[in-house]
Amino acid sequence: MKLISVYTGSFKGLSEESWMLALVMLINRAGSMVLPFLGVYMTGHLHFSIENSGIILSFFGIGSVLGSWLGGLITDKIGEYRVQSLSLLLSVPLFCLIPLFKTEVGLAAIILIQSIVSETFRPANSVAITKYAKPENITRAFSLNRMAVNLGFSIGPALGGILSAISYEFLFFSNALAALLAGLMYIRFFGKRNKEASLKPKKAKEAIAIKKENSPYRDGKFMLYSFFCMLFAICFFQLFSTLTIFYKDTAHLSQQNIGYILGYSGFLIVLLEMGFVQIAEKYFSLAFTLLIGTVLCGLSYAMLAFDYSILTLIVSMTLLCIGEIWTLPFMSTITALRSGENNKGAYMGMNGISVAIAFIITPYVGTMTADKLGFNTLWIATGVLAIGIALGFYFVIPWMLKKRVGES
């Protein structure tokens, strides 16, 4: 009963807008069947080599970097409402075009464009979360949003595994439909609120603009923190590239079973995240929370070097989910705490870039390492690197956040 009370209490105090942002994210991510299956789609359906598939997946990362930078830049200029609306609606035709490209160059090009457009959404969405959440609820608002992402992610890949066995085109069209529904719902709910906000007296905006705030690109402490975020993302986001190839080629799982394991991860995070975040907020420091989370993520990969029975795969995914819960939402909170009132978009964009760079590095380095040295080497190296990242977080975060108020 106490556990139930903690879980239900973790949802209290969140604004109506926070819930709607989460609902929009849920609908959008419920259609996110494409990314986890892109590697399998290219190697199994289009018969690309593992190494070339990794290079093409890296173009998604390049687009993510450009989209995060662009999204952070224009969010501070035109507002998070317009950026999110445009990103969702423009993604629709791009998803529909992907299956028309069958060559390596063509597929890389359309993935790059689609990624740029879709990833402008992230910094704008993060700014909206901080805008509509109370200061004491920021981490839980991010967690609610991530819970929606993972609930959608538990539905999407499970369904994607079934649909991909019939036709890969269903994956791309389903993603397009979900983006359209999410966009229409977002515009309907936030359109009036955005209009009301734009009618506020200009003097208030001018008063805010007087305070000049630093660019995140000149914030040395934050750049170091973002570097560790990038390294963590390189380890973690093998979930979307090399891990699914490992499941298929080494563990010999069917596409349906790959979808079920990915769906299990999303369901587990939905079940545990809000409660685990509240526990961490109550009992752990931010630095200690990221230390534990990063170590667990590294351990989840390292154990695959020694066994890949179905039980081990489930335990590994469970540890990865818990590590994710104690890392990703707090990374966003720390970014929000470091930023100012008028440069949140730039800071969120910079943090998004650090994560997006992983989408460039991880697919290529991961697939090349697996191809040349074997998956066992890849998984052990990931575990060792994660321990170093965890220690980096533990010492950098208190140093970065200490004396934040009053810094020039």
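Going by the structure above, here's the rest.
Residues numbered from 1 in each chain as written. Predicted model: local features only at pLDDT ≥ 70, side-chain atom pairs only at ≥ 80, totals over all residues. Heavy atoms only, no water.

Okay, the overall build of the chain next. For the chain, the helix and strand inventory stands at 18 helices and zero strands. Surface exposure of the chain reaches about 17,600 Å², of which carbon and sulfur atoms provide 70%. (Helix = DSSP H or I, 4+ residues; strand = E, 2+ residues; numbered from the N terminus. Areas by Shrake-Rupley, 256 points an atom, 1.4 Å probe, with all protein chains shown as cover.)

So, about the nonpolar core. Counting residues in each nonpolar core, the largest one holds 87 residues, and the members touching the most others are Leu107 and Tyr225. The element contributing the most residues to this core is helix α11 (residues 220-236), with eleven residues. Discounting residues that sit within four places of it in the chain, tyrosine 225 has contacts with Phe330, Met331, Ile334, Thr335, Asn351, Phe393, Val396, Ile397 and Met400. Residues Ile129, Ala148, Val270 and Met348 belong to the second largest nonpolar core, which totals 28 residues. (Core = buried A, V, L, I, M, F, W, Y, C linked by side-chain atoms within 4.5 Å. Buried < 20%, exposed > 50% of the residue type's maximum accessible area, 1.4 Å probe, protein only. Contact = heavy atoms within 4.5 Å.)

The next point concerns the layout of surface pockets. What the second largest pocket holds in volume is close to 210 Å³. Residue assignment for the lining of the second largest pocket shows that the elements contributing at least two residues are α4 (50-78) and α17 (344-373). Among the elements that take part in the lining of the second largest pocket, α4 stands out by supplying six residues, more than any other. Of the residues contributing to the lining of the second largest pocket, the split by class is six nonpolar, four polar and two charged. A domain-level breakdown of the lining of the second largest pocket finds at least three residues from each of domain 1 (17-192) and domain 2 (218-407). (1 Å grid on protein atoms, 1.4 Å probe; cavity = no way out; pocket = protein on both sides within 12 Å on 5 of 7 lines; lining within 4 Å. Points joined across faces, edges and corners; volume = space filled by probe spheres on them. Nonpolar A, V, L, I, M, F, W, Y, C, P; charged D, E, K, R; others polar. Domains from an automatic or database assignment.)

Residues separated by three or four positions in an α-helix point in the same direction, a consequence of the helix having 3.6 residues per turn. For helix α7 (residues 121-132), which comprises twelve residues, the first-to-last C-alpha distance of 16 Å matches the rise-based estimate of 16 Å (1.5 Å per residue) to within 8%. Residues of α7 that are buried: Phe121, Pro123, Ala124, Asn125, Ser126, Val127, Ala128, Ile129, Thr130 and Tyr132. (Expected span 1.5 Å × (residues − 1).)

Okay, the packing of aromatic side chains next. Enumeration over the complete set of coordinates arrives at 21 aromatic pairs. Taken together, a centroid distance of 5.8 Å and an interplanar angle of 85° make the contact between phenylalanine 246 and tyrosine 308 edge-to-face. With phenylalanine 246 in helix α12 (residues 242-249) and tyrosine 308 in the loop between α14 (286-302) and α15 (310-325), this residue pair connects regions lying 62 residues apart in the sequence. For phenylalanine 246, a relative accessible area of 1% corresponds to the buried category. Pairing phenylalanine 276 with tryptophan 326 gives two aromatic rings, centres 5.4 Å apart and planes at 35°, and the pair type is tilted. Taken as a pair, phenylalanine 276 in helix α13 (residues 255-283) and tryptophan 326 in the loop between α15 and α16 (328-338) lie far apart in primary sequence, 50 residues in all. (Phe/Tyr/Trp six-rings, centres within 6.5 Å; stacked < 30°, edge-to-face > 60°.)

Here the focus is the pattern of salt bridges. Within this structure, the stated rule accounts for three salt bridges. As a salt-bridge pair, lysine 131 and glutamate 80 come within 3.1 Å of each other at their nearest N and O atoms. Pair noted here: lysine 131 is in helix α7 and glutamate 80 is in helix α5 (residues 80-97), with a separation of 51 residues, a long-range link. For glutamate 80, a relative accessible area of 7% translates into the label buried. For glutamate 119, the salt bridge goes to arginine 122, with nearest N and O atoms at 2.8 Å. (Salt bridge = Lys/Arg side-chain N within 4 Å of Asp/Glu carboxyl O.)

Looking now at the packing of α17 against helix α18 (residues 375-401). The contact between α17 and α18 brings their axes to 7 Å, and the two run at 130°. One element, α17, and the other, α18, form an angle in the oblique class. Contacts from Gly366, Thr369, Ala370 and Leu373 of α17 reach α18 at Phe375, Thr377 and Leu378. Split by residue class, the contact of α17 with α18 holds four nonpolar, three polar and no charged. (Axes fitted to C-alpha atoms, helices over the stretch in contact; angles between N-to-C directions. Parallel < 35°, antiparallel > 145°, perpendicular 65-115°, else oblique.)

Glancing now at the packing of α11 against α17. Taken N-terminus to C-terminus, the directions of α11 and α17 make an angle of 35°; their axes are 8 Å apart at the nearest point. The hand of the α11/α17 crossing is right-handed. Contact residues: α11 offers Phe222, Met223, Tyr225, Ser226, Cys229, Met230, Ala233 and Ile234, while α17 offers Tyr347, Met350, Asn351, Ser354, Val355, Ile357, Ala358, Ile361 and Thr362. In terms of residue class, the contact of α11 with α17 is built from 13 nonpolar, four polar and no charged. (Left-handed = near helix turned anticlockwise from the far one by under 90°.)

With respect to the secondary-structure elements, proline 216 resides in the loop between α10 (202-210) and α11. In the structure, proline 216 is positioned 123 residues away from serine 339 in sequence and 7.9 Å away in space, judged by C-alpha atoms. Look past the residues within four positions of proline 216 in its chain and what remains in contact with it is Phe222, Met223, Ala346, Tyr347 and Met350.

With that settled, the discussion passes to the side chain of serine 332. Its location among the elements puts serine 332 in helix α16. Judged by its relative accessible area of 16%, serine 332 is buried. The residues contacting serine 332, other than those within four sequence positions of it, are Phe142 and Met348.

Not every positive phi belongs to a glycine, and histidine 47 is a case in point at roughly 60°. If you trace the backbone, histidine 47 turns up in the loop between α3 (34-45) and α4. Of note in the backbone geometry, histidine 252 takes a positive phi value of approximately 60° without being a glycine. In this fold, histidine 252 is placed in the loop between α12 and α13. Among the residues examined, histidine 252 registers a relative accessible area of 63% and is labelled exposed.

Another point: the environment of threonine 327. By the element assignment, threonine 327 lies in the loop between α15 and α16. Once the C-alpha coordinates of threonine 327 and valine 277 are considered, the two residues, 50 residues apart in sequence, prove to be 9.7 Å apart. If we ignore the near neighbours within four places in the chain, the residues touching threonine 327 are Phe232, Leu290, Gly293 and Thr294.

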